[in-house]
Amino acid sequence: MKKVFEQFRKNDLLFQIIKGPQHLESPKLFVLDSSFNPPHLAHFQLLSQAIKNFKLNNTQSHILLLLAVNNADKLPIPASFPHRLEMMCLFANYLEEKLPQSVVSVGLTVFSKFIDKDKVLHEQFTQEYNTNIGYLVGFDTIARIFDEKYYHPLKISDVMESFMSKCQLYCLARDHCHLDAESQLKYASDILAGKYEPVIPKEWGSRVHVMQNDYPSLRNVSSSEIRKKIKAGQVEKLRDELPSCIYGYVMKNKTIFD
Ligand SMILES: Nc1ncnc2c1ncn2[C@@H]1O[C@H](COP(=O)(O)OP(=O)(O)OP(=O)(O)O)[C@@H](O)[C@H]1O
Ligand SMILES: NC(=O)c1ccc[n+]([C@@H]2O[C@H](COP(=O)(O)O)[C@@H](O)[C@H]2O)c1
């Protein structure tokens with residue numbers, strides 16, 4: 001993966017698929033954009049519930065695991081990008097096994113903001129499919145997608161208009177967000193009712209779908225807490241938070257999180 005990543009950098013690419021189909025192969029695309037540092041079972045649950053609730057009847061779903069080498073807020077530490085790509089490829093195999101009727105691609109992009117990721121995916125991945133891309137996010141991330149500070153001095157209603165007119169945001173409620181669980185589940189209807197006007201236009205509420213996590217114990221799982229547990233040697237607890245293939249990888253490569 002080191003070579004693959006070096007080539008991506010050397011060639012100044014904006015987007016590249018490194019595993020799985022190079023272009024969209026299904027009418028429905030679900031994109032999980034994450035730091036994969038490491039991927040965990042709440043990520044799996046987000047994918048699983050979104051596909052269960054929103055896949056098109058009797059068609060294959062295409063999942064894209066997307067890693068941005070520039071994050072809107074985080075430094076690229078501790079795991080190196082090649083290690084994260086290795087974990088993404090393992091996670092992709094796990095998804096194909098666990099989520100029938102799904103095909104998985106793994107990709108890299110330089111873009112941190114969803115409006116730019118969306119543009120490059122329409123240019124380089126979805127091609128002839130005039131598809132509405134479904135982005136999978138936790139509630140903390142949807143709040144940041146709609147945070148004016150990322151677009152200053154432009155207005156969200158202007159800069160995000162094209163993105164919001166052709167995407168769906170599938171969101172999983174999560175603990176430790178600025179809104180409690182009940183308010184997270186009401187978020188889309190609150191947007192539709194105009195509660196966040198003029199920042200968030202009310203018609204965008206129809207693009208937002210917030211789900212409760214079916215497994216309460218996964219609601220507060222996060223990559224950063226997992227890294228803390230690895231460092232503290234509390235690895236037994238991780239069996240309930242990581243897919244078995246990622247648990248195995250992490251156990252063999254604990255120092256990547258130092
Ligand atoms: N427990 C969870 N419940 C709901 N969504 C989650 C959960 N964990 C992660 N996500 C969502 O998955 C997406 C990708 O996750 P990300 O890579 O930021 O993982 P993370 O566990 O939040 O990482 P970190 O702890 O390093 O911030 C984000 O939109 C995030 O909100
Ligand atoms: N306004 C935005 O589009 C926006 C804001 C915050 C994070 N992000 C992106 O969301 C993804 C997940 O972010 P975290 O890994 O920080 O949770 C990253 O690719 C990050 O760059 C986008």
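Just above sits the structure.
All values reported here derive from a predicted model rather than from experimental measurement.

**Q** What am I meant to see in the overall build of the protein here?
**A** In terms of regular secondary structure, the protein is built from eleven helices and seven strands. Rg of the C-alpha trace for the protein: 18 Å, near the compact-globule value of 18 Å for 258 residues, within the 12% margin. Over its C-alpha atoms, taken along the principal directions, the protein stretches across nearly 50 × 45 × 40 Å. When the 258 residues of the protein are sorted by exposure, 51% land in the buried category. A fraction of 78% describes how many contacts in the protein between residues 6 or more apart in sequence connect residues 24 or more apart. Separation between the mean location of the 32 positive side-chain charges and that of the 29 negative ones in the protein comes to 4 Å.

**Q** What exactly am I supposed to notice about the side chain of Asn-213 here?
**A** In this structure, Asn-213 sits in the loop between strand S7 (208-211) and helix H10 (223-232). A distance of 2.8 Å separates the side chain of Asn-213 from the backbone nitrogen of Tyr-215, its partner in a polar contact. The contact partners of Asn-213, leaving out residues within four places of it in the chain, are Gln-45, Gln-49, Leu-172, Leu-218 and Arg-219.

**Q** So what exactly am I meant to see when it comes to the packing of helix H2 (residues 41-54) against helix H3 (residues 81-98) here?
**A** Think of two packed helices as two axes; the pair is described by the angle between the axes and how far apart they sit. Across the interface, H2 lies against H3 with an axial gap of 12 Å and an inter-helix angle of 45°. For the element pair H2 / H3, the angle class is oblique. Viewed along their axes, H2 and H3 form a crossing whose handedness is right-handed. On the side of H2, the interface is formed by Leu-41, His-43, Phe-44 and Leu-47, while H3 contributes Phe-91, Tyr-94, Leu-95 and Lys-98. Residue composition of the contact of H2 with H3, by class: six nonpolar, one polar and one charged.

**Q** I tried to follow the packing of H3 against helix H11 (residues 244-252) on my own but got confused; where do I start?
**A** Two numbers describe how H3 lies on H11: the axes approach to 9 Å, and their chain directions differ by 155°. Of the possible angle classes, the one that applies to H3 and H11 is roughly antiparallel. H11 is crossed by H3, and the crossing has right-handed handedness. Listed contacts from H11 to His-83, Glu-86, Met-87, Leu-90, Phe-91 and Tyr-94 of H3 are Ser-244, Cys-245, Ile-246 and Tyr-249. Split by residue class, the contact of H3 with H11 holds seven nonpolar, two polar and one charged.

Reading the values: rules and limits
- Residues numbered from 1 in each chain as written.
- Chains lettered and ligands numbered in written order.
- Predicted model: local features only at pLDDT ≥ 70, side-chain atom pairs only at ≥ 80, totals over all residues.
- Heavy atoms only, no water.
- Helix = DSSP H or I, 4+ residues; strand = E, 2+ residues; numbered from the N terminus.
- Rg over C-alpha atoms; globule rule 2.2 N^0.38 Å.
- Buried < 20%, exposed > 50% of the residue type's maximum accessible area, 1.4 Å probe, protein only.
- Contact = heavy atoms within 4.5 Å.
- Lys, Arg positive; Asp, Glu negative; His and termini not counted.
- Charge placed at Lys NZ, Arg CZ, Asp CG, Glu CD.
- Polar contact = N/O pair within 3.5 Å; in protein donor to acceptor, adjacent residues only side chain to side chain.
- Axes fitted to C-alpha atoms, helices over the stretch in contact; angles between N-to-C directions.
- Parallel < 35°, antiparallel > 145°, perpendicular 65-115°, else oblique.
- Left-handed = near helix turned anticlockwise from the far one by under 90°.
- Nonpolar A, V, L, I, M, F, W, Y, C, P; charged D, E, K, R; others polar.

Worth remembering: the numbers are spatial, not functional.
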